[in-house]
Structure formats: C-alpha cells, structure tokens
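What follows is each chain in one-letter form.
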Amino acid sequence: MQPGPATSGLAQAMAEQFSFESAVGGVRGLLESVVPTLVFTLVYTIDNDLQRALIAAVGTAVALTVVRLAQRQTVMQAVSGLMGVALAAAIAWYTHSAINFFLASILKNAFFTVLCLISIVVRWPYVGVLLGLMLGEGTHWRQVPARARAYTWATWAWVAMFVIRLGFQVPLYLRDHVTGLGAASVPLGLPLFGVTVLVCWLIVRRVPLARPPGVEDSAPIAAQPDDDPHPTSR
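Residues numbered from 1 in each chain as written. Predicted model: local features only at pLDDT ≥ 70, side-chain atom pairs only at ≥ 80, totals over all residues. Heavy atoms only, no water.

### Observations regarding the overall build of the protein
Turning to step 1, where the next piece is worked out: A tally of regular secondary structure across the protein gives 10 helices and zero strands.
Turning to step 2, where the next piece is worked out: Along the chain direction, N to C, the helices and strands of the protein fall in the order α-α-α-α-α-α-α-α-α-α.
Turning to step 3, where the next piece is worked out: Looking at the protein residue by residue over its 234 residues, the buried ones come to 47%.
Turning to step 4, where the next piece is worked out: Nonlocal contacts in the protein, meaning residues at least 24 apart in sequence, comprise 75% of its contacts between residues at least 6 apart.
Turning to step 5, where the next piece is worked out: Here the protein has roughly 11300 Å² of accessible surface; of this, 68% comes from carbon and sulfur atoms. (Helix = DSSP H or I, 4+ residues; strand = E, 2+ residues; numbered from the N terminus. Buried < 20%, exposed > 50% of the residue type's maximum accessible area, 1.4 Å probe, protein only. Contact = heavy atoms within 4.5 Å. Areas by Shrake-Rupley, 256 points an atom, 1.4 Å probe, with all protein chains shown as cover.)

What follows is the structure, encoded as structure tokens:
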C-alpha cells in the first residue's frame, strides 16, 4: 500500500462493514484521482503539444485543490493528487517526453511490488506490519499462525494489484502509447485499489485479532467519511 490511499484503505480493512465508496474516497475522490491525467491525455492527443498538456493537467489539479479549500473541506486528497501530477509533469518536462508523464506511476508500482514480495519472503508481510500497528497487535500476530497467514494472503492481494497495473502499463509505455496509458489509468487507479481493499478486508476479517496479553480489545477503526482525507492512487 502506498502513501495516500493507504489511509482510507487501511481504515476499510479494519471496518466492521466494507464500503467501496469510502475505500476510494467517494465519487469525488475517484474523479479527482483521474481527471488531471485524463486532461493531460486529451490535450496531448488533440494537438501533440507537451507544454500545453502539462499546463492543463497541473492547472486542473490546482483547481481541484482550490475548490476544496474554498469549500473548507479536507484537502489532503487534492494536495496528494496535485503533488503526484506535479512530479509526473516535472519528469515529462525534464525528459521532453509525454510518455514519461506516466513513469513515476510505473516506478512506484514496481517498487511496491518488490517491497511486498520481499516482506512475504522474510515473513513480515507488509499488510501485517501496517495493520498490526494500527490495531494494537504490534508484532504479536507473528506468533499466531492463522493471523500471520491472513496477513500474508492479504499482502499477496496487493502484489496482484501492482502486477496487474504493471502488466498494462509497461507494454503501453514501451510502445510509447500515451493515449492508452491515459485511458488505462482510470480502471487501474482507485477502482482496482478499491477491489484490492475489499479482498484484503474479506481475508483479514475472518481471523480474530492477535493482540498481546493484557492489551484491551477495541472496536475496529471505521472508515472516514467522503470529505475526509482519501489521497489518490494510480
């Protein structure tokens, strides 16, 4: 899991009832995660001008952040999206290549694929490390085989998500297919993320918590409402 969507995703993984809308930050969060990329793709496809496409994408992300500020809503999601778009734009501008607008996303997915796989191999599954801290289990879950297996399978779900993304992104990137990558960013972003969170929730909820002796039990942390922080994912 990556910075940003992990906040809402982990909350949903711990919730008593799963909400796909909460996992992806609601309709607004879904739109904020894809609109800047779609704007970049559309503008570049129409006139093949990298500078105008980058200005349009960054401008859209800035506008989304300003709207949230004007409405006095939490801006973490919009700011996270703005930072992601700004980084993508900077790479594309520096390399003078439109296809490199998507390079940061590809590298991020590759990094988390390797990280999750390593965590499984060394028996410290990534999901277990994160949820263990948030649920008060610490590392005690490693002493409970059923809980450790659940976290391992949940981490495999994240590996599958990143591999699916790379399976589409890398071939399109190598073919220099800007339009294809832009279109693929919609289903491969928060929708796929939401499905992965659902799978994680189904796996983890079946196994009791493994808190250390003496640690009081508490209710799972509920997912945040739609206007709370739900940073975007690609």
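### Some thoughts on the confidence of the model for the protein
Turning to step 1, where the next piece is worked out: Confidence in the prediction for the protein averages 83 pLDDT; 77% of positions are at 70 or higher.
Turning to step 2, where the next piece is worked out: The model gives residues 1-6 a pLDDT under 50, and that stretch makes 22 contacts with residues more than four places away or in other chains.
Turning to step 3, where the next piece is worked out: Residue range residues 218-232 is modelled with pLDDT below 50. Its contacts to residues more than four positions away, or to other chains, number 43 contacts. (pLDDT = per-residue confidence, 0-100.)

### A few points about the environment of T155
Turning to step 1, where the next piece is worked out: By secondary structure assignment, the location of T155 is in helix α8 (residues 145-174).
Turning to step 2, where the next piece is worked out: The exposure class of T155 is buried, given its relative accessible area of 0%.
Turning to step 3, where the next piece is worked out: On a C-alpha basis, the gap between T155 and S119 in space is 8.6 Å, while along the polypeptide they are 36 residues apart.
Turning to step 4, where the next piece is worked out: When near neighbours in sequence (up to four residues on either side) are disregarded, T155 contacts C116, S119, I120, P125, Y126, V127 and G128.
Turning to step 5, where the next piece is worked out: Here the side chain of T155 touches Y126 through a polar contact of 3.4 Å, landing on its backbone nitrogen. (Polar contact = N/O pair within 3.5 Å; in protein donor to acceptor, adjacent residues only side chain to side chain.)

### Quick word on the nonpolar core
Turning to step 1, where the next piece is worked out: F40, F101 and W158 are the most contacted members of the largest nonpolar core, which totals 42 residues.
Turning to step 2, where the next piece is worked out: For this core, the elements supplying multiple residues, two or more each, are α3 (26-47), α4 (50-70), α5 (76-95), α6 (103-121), α7 (126-134), α8, α9 (178-188) and α10 (190-204).
Turning to step 3, where the next piece is worked out: In terms of residue count, α8 provides more of this core than any other element does, eight residues in total.
Turning to step 4, where the next piece is worked out: When sequence neighbours within four positions are dropped, the list of residues in contact with F40 reads L50, A53, L54, A57, A98, F101, F102 and V178. (Core = buried A, V, L, I, M, F, W, Y, C linked by side-chain atoms within 4.5 Å.)

### Re a nonpolar patch on the surface
Turning to step 1, where the next piece is worked out: On the surface, a nonpolar cluster with roughly 470 Å² of combined accessible area is contributed by V114, I118, V121, V122 and W124.
Turning to step 2, where the next piece is worked out: By the secondary structure assignment, I118 is in helix α6. (Patch = residues over 30% accessible without salt bridge, like charges linked within 9 Å, V, L, I, M, F, W, Y side chains within 5 Å. Salt bridge = Lys/Arg side-chain N within 4 Å of Asp/Glu carboxyl O.)

### Regarding unusual backbone geometry
Turning to step 1, where the next piece is worked out: Phi at N48 is positive, roughly 55°, even though this residue is not glycine.
Turning to step 2, where the next piece is worked out: Tracing the backbone through its elements, the reader meets N48 in the loop between α3 and α4.
Turning to step 3, where the next piece is worked out: Note on N48: relative accessible area 54%, which makes it exposed.

### Concerning the pattern of salt bridges
Turning to step 1, where the next piece is worked out: As enumerated under the stated definition, the model contains three salt bridges in all.
Turning to step 2, where the next piece is worked out: A salt bridge links D47 to R52; the nearest nitrogen and oxygen atoms lie 2.9 Å apart.
Turning to step 3, where the next piece is worked out: Note on D47: relative accessible area 32%, which makes it partly exposed.
Turning to step 4, where the next piece is worked out: Residue R147 pairs with E137 through a salt bridge whose shortest N-O separation is 2.9 Å. Here R147 is found in helix α8, whereas its partner E137 is found in the loop between α7 and α8, with 10 residues between them in sequence.
Turning to step 5, where the next piece is worked out: Assessed through its relative accessible area of 1%, R147 is described here as buried.
Turning to step 6, where the next piece is worked out: Take E137: its relative accessible area is 0%, and that puts it in the buried class.
Turning to step 7, where the next piece is worked out: The network of salt bridges with shared partners includes D47, D49 and R52.

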